[in-house]
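Structural overview for review
Each chain, letter by letter, is given below.
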Amino acid sequence: MRRTRAGGRRVLPPRCGALACGLLLTLNAGCHGPRSSLVPAGEEAARILPLFWAMVVGGTLVWLLVIGLAVYATHLRPRAHRYGTVRTFLIGGGVVLPTVTLAVLLVFGLRLLEAPAPPADALRIDVTGERWWWRVVYENPDGGDPIVLANELRLPVNGAAVLALHSHEVIHSFWLPSLAGKRDLIPGRVNHLVLQPTRLGVYEGACAEYCGIGHANMAFAAEVMQPAAFAEWLARQAAPAAAPSSAEARRGATLFLQLGCGNCHAVRGTAARGSVGPDLTHVGSRHTIAAGRLPLTHATLRDWIAHSAAIKPGTLMPAYPLPPDELDALAAYLRELE
Ligand code: CUA
């Protein structure tokens, strides 16, 4: 690092100050917002937050101790130690300090692991990591077919949900920082995660385990709602798709089946019954498409159908470079599926 001298003192060049400011601002950006674990919106996230601060404070103290000792050894040039001082230092710093520190951390960690059992009436939600999106399945409150959604959770505030996490191919990790810690989705086993949101809002989550080319584009959102609004939303999601109302949307519905979209996607109440891709029965009510890659609008639906592979490399959705009027018709149909 280049240094300059001012009045006999060595000072860092201005570029270093700007760099430090930029770094601090970047770090600060992680302190709030829809993906922050530092402002918990759920009981799970609040329960594990003290662990983060214990690690930050503990790590800082250890760093200061090590740097202090290094400065002491290299700059303060202590005179030759007597044997007794060295032995005290080795036994104190090499045996007593780590034993006490690790014992305290062990007790602290074990107490954090004791999560209270979720209530018996908690929602049951199956979440499966796909290539590269999230299949979300709610139990049907009327006892009918399960409600299949994609890349979006909705939860009642002050309620509880138990997520059963599945994967068929590779390991993913479900992470919704504002609501809970992360949990892996491992092929061949089912892991569980309890969510107990305490604050209304829309929170963002992502896959936190590298799972292939689409890993960075495997996001999702969770909206925490008032219980009455949640019940209304779930009842709407349980219903089959509404018939298209405009002429353009009706043309889109016909094209959807003619082009074979229904081989991969289901639209309940129609002949589209595929299960490879996301269920589109109520796609128009979602906030985003392509696992958080784009906000859901008419224009982004058109773009996604025409250029899926370019927008999200590795997606199993083939690109359909159709004439503009057909893209408009398909987008109009999908927007109406609310
Ligand atoms: Cu799924 Cu990374």
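Here's a quick rundown of the structure. Since we're looking at a predicted model, the values are computed, not measured. (Residues numbered from 1 in each chain as written. Predicted model: local features only at pLDDT ≥ 70, side-chain atom pairs only at ≥ 80, totals over all residues. Heavy atoms only, no water.)

Tyr138, Leu153, Leu163 and Phe174 are the most contacted members of the largest nonpolar core, which totals 34 residues. Apart from residues lying up to four places away in sequence, Leu153 is in contact with Ile125, Val136, Tyr138, Leu163, Phe174, Leu176, Leu195, Ala221, Ala222 and Glu223. Among the nonpolar cores identified, the runner-up in size contains 27 residues, and Cys261, Ala272, Leu296 and Leu334 belong to it. (Core = buried A, V, L, I, M, F, W, Y, C linked by side-chain atoms within 4.5 Å. Buried < 20%, exposed > 50% of the residue type's maximum accessible area, 1.4 Å probe, protein only. Contact = heavy atoms within 4.5 Å.)

As a further point, take the state of the cysteines. Under the defined criterion, the tally for this structure stands at zero disulfides. Between Cys261, a free cysteine, and Cys264, which holds the nearest cysteine sulfur, the sulfur-to-sulfur gap is 8.6 Å. According to the relative accessible area criterion, Cys261 is buried, its value standing at 15%. (Disulfide = S-S within 2.5 Å.)

For the structure shown, the criterion picks out eight aromatic pairs. Ring centres of Tyr138 and Trp233 lie 5.5 Å apart, and the angle between their planes is 75 degrees; this geometry places the pair in the edge-to-face category. Taken as a pair, Tyr138 in strand 4 (residues 134–138) and Trp233 in helix 4 (residues 227–238) lie far apart in primary sequence, 95 residues in all. Of the two residues, Tyr138 and Trp233, neither departs from the other in class, the shared state being buried. Ring geometry for Phe230 and Trp233: centres 5.8 Å apart, planes at 35 degrees, overall tilted. Here the residue Phe230 and the residue Trp233 both occupy positions in helix 4, the gap between them amounting to three residues, near one helical turn. Here Phe230 and Trp233 have matching classes, each one buried. A cation sits over an aromatic face here: Lys182 above Trp175, 4.5 Å from the ring centre. (Phe/Tyr/Trp six-rings, centres within 6.5 Å; stacked < 30°, edge-to-face > 60°. Helix = DSSP H or I, 4+ residues; strand = E, 2+ residues; numbered from the N terminus. Lys NZ or Arg CZ within 6 Å of the ring centre and 35° of its normal.)

Moving on, we come to the pairing of strand 6 (residues 152–156). Counting buried positions over the five residues of strand 6 gives five, a clear majority of the element. Strand direction decides the pairing type here: strand 6 and strand 12 (residues 219–225), joined by five bridges, are parallel. Within the sheet, the bridge partner assigned to Leu155 lies in strand 12 and is Val224. (Pairing = 2+ DSSP bridges.)

Considering only enclosed or pocket space, the largest pocket measures out at about 560 Å³ in volume. Around the largest pocket, the lining is made up of 31 residues, and of these His265, Pro278, Leu280, Trp304 and Met317 lie nearest the centre. When contributions to the lining of the largest pocket are tallied by element, the ones reaching two or more residues are strand 13 (288–289), helix 6 (298–311) and helix 7 (324–336). Taken together, the residues of the lining of the largest pocket break down into 22 nonpolar, six polar and three charged. In this structure, the second largest pocket spans a volume of roughly 380 Å³. What lines the second largest pocket is a set of 15 residues, and nearest its centre among them are Gly58, Gly59, Val62, Thr101 and Leu105. (1 Å grid on protein atoms, 1.4 Å probe; cavity = no way out; pocket = protein on both sides within 12 Å on 5 of 7 lines; lining within 4 Å. Points joined across faces, edges and corners; volume = space filled by probe spheres on them. Nonpolar A, V, L, I, M, F, W, Y, C, P; charged D, E, K, R; others polar.)

So, about the pattern of salt bridges. For the structure shown, the criterion picks out 10 salt bridges. Across the salt bridge formed by Glu204 and Arg35, the nearest N and O atoms sit 3.4 Å from each other. With Glu204 in strand 11 (residues 201–207) and Arg35 in the loop between helix 1 (14–29) and helix 2 (43–74), this pair connects stretches of sequence that are 169 residues apart. Under the relative-accessibility criterion, Glu204 is labelled partly exposed at 35%. A salt bridge links Arg154 to Glu223, with the shortest nitrogen-to-oxygen separation between them at 3.5 Å. Taken as a pair, Arg154 in strand 6 and Glu223 in strand 12 lie far apart in primary sequence, 69 residues in all. Grouping residues by exposure puts Arg154 and Glu223 together as buried. One salt-bridge network, in which partners are shared between bridges, spans Glu152, Arg154 and Glu223. (Salt bridge = Lys/Arg side-chain N within 4 Å of Asp/Glu carboxyl O.)

Further remarks concern the pairing of strand 4. Along a regular strand, successive side chains alternate from one face of the sheet to the other. For strand 4, a buried count of five out of five residues is recorded, marking the element as mostly surrounded by other parts of the structure. Taking every second residue as pointing to the same face, both faces of strand 4 are buried, with Trp134, Val136 and Tyr138 on one and Arg135 and Val137 on the other. Relative to strand 4, strand 3 (residues 123–129) is paired through five bridges, and the arrangement is antiparallel. In the strand pairing of strand 4, Asp126 is matched with Val137. Taking the residues that link successive antiparallel strands as the turn, the strand 3-strand 4 hairpin has four residues. With four bridges joining them, strand 4 and strand 5 (residues 147–150) adopt antiparallel strand pairing.

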